[in-house]
Amino acid sequence: MIHFHREIKGIEMIDISKEKVSISCPDCKRVIKVTIAQISKQEAVGCTCGQSIQLVDDKGSNKKAIKDINKSFKDLEKTIKKFGK
Ligand SMILES: [Zn+2]
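Remember, predicted model here, so these are calculated numbers, not experimental data.

This brings us to the overall build of the protein chain. A tally of helices and strands in the protein chain yields two helices and five strands. The N-to-C order of helical and strand elements in the protein chain reads β-β-β-α-β-β-α. The burial tally for the protein chain puts 8% of its 85 residues in the buried class. Considering only residue pairs separated by 6 or more positions, the protein chain has 23% of its internal contacts joining residues 24 or more positions apart.

Next up on the list: the environment of Thr48. Assignment of secondary structure puts Thr48 in the loop between β4 (44–46) and β5 (52–54). On the basis of neighbour counts, which here come to 9 C-beta atoms within 10 Å, the residue Thr48 falls in the exposed class. Counting along the chain gives 20 residues from Thr48 to Cys28, while the straight-line C-alpha distance between them is 9.3 Å.

Attention now moves to the environment of Val31. The residue Val31 is located in strand β3 (residues 31–35) in this model. For Val31, a count of 10 C-beta atoms within 10 Å puts it in the exposed group. With 10 residues separating them along the chain, Val31 and Val21 place their C-alpha atoms 9.8 Å apart. What Val31 contacts, discounting residues up to four positions off in sequence, is Ser22 and Ser24.

A few words on the pairing of β3. One face of the sheet, then the other: side chains in a regular strand alternate in exactly this way. Of the strand pairs in this sheet, strand β2 (residues 20–24) and β3 are connected by five bridges, and their pairing is antiparallel. Of the residues in β3, the one forming a bridge with Ser22 is Lys33. Linking β2 to β3, which pair antiparallel, is a turn of six residues; within it Lys29 sits at a positive phi near 65 degrees.

At 3.6 residues per turn, the α-helix brings residues three or four places apart onto the same side. Between its first and last C-alpha, helix α2 (residues 61–83) extends 33 Å over 23 residues, near the 33 Å set by a 1.5 Å rise per residue. Among the 23 residues in α2, two count as buried, and that is only a small part of the element.

Turning our attention to the confidence of the model for the protein chain. The predicted model of the protein chain averages 81 in pLDDT, with 81% of residues at 70 or higher. The least confident element of the protein chain, judged by mean pLDDT, is strand β1 (residues 3–5) at 56; the most confident is β4 at 94.

With that settled, consider unusual backbone geometry. Excluding glycine, a negative phi dihedral is what most residues carry, and trans is how most peptide bonds are arranged. At Lys29, a residue that is not glycine, the phi angle is positive and equals roughly 65 degrees. In this structure, Lys29 sits in the loop between β2 and β3. Using a count of 9 C-beta atoms within 10 Å as the deciding quantity, one classes Lys29 as exposed. Backbone geometry at Gln42 places phi at a positive 55 degrees, although glycine is not the residue there.

Each value, and the rule that gives it
Residues numbered from 1 in each chain as written. Predicted model: local features only at pLDDT ≥ 70, side-chain atom pairs only at ≥ 80, totals over all residues. Helix = DSSP H or I, 4+ residues; strand = E, 2+ residues; numbered from the N terminus. Buried ≥ 20, exposed ≤ 12 C-beta atoms within 10 Å, placed from the backbone. Contact = placed C-beta atoms within 7 Å. Pairing = 2+ DSSP bridges. Expected span 1.5 Å × (residues − 1). pLDDT = per-residue confidence, 0-100.

Here's what the structure looks like:
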């Protein structure tokens, strides 16, 4: 089960790849926080129990999501800038 923890502190700081995702260790069930960037790179993360977890980006869906979402934020940013004039 993946939960998104979103903290938006300002439009210019948004980078979806830095969003944190909680995963649970298959061994000790401890919650480990990883970034979407780590998932898209399919990095291996270590749990404090010694278990190594290989992150898998199913069919590159996270990489695509990062691209899509970052694009929407950029478009939104442009719109906001336009309104700000
Ligand atoms: Zn563990």
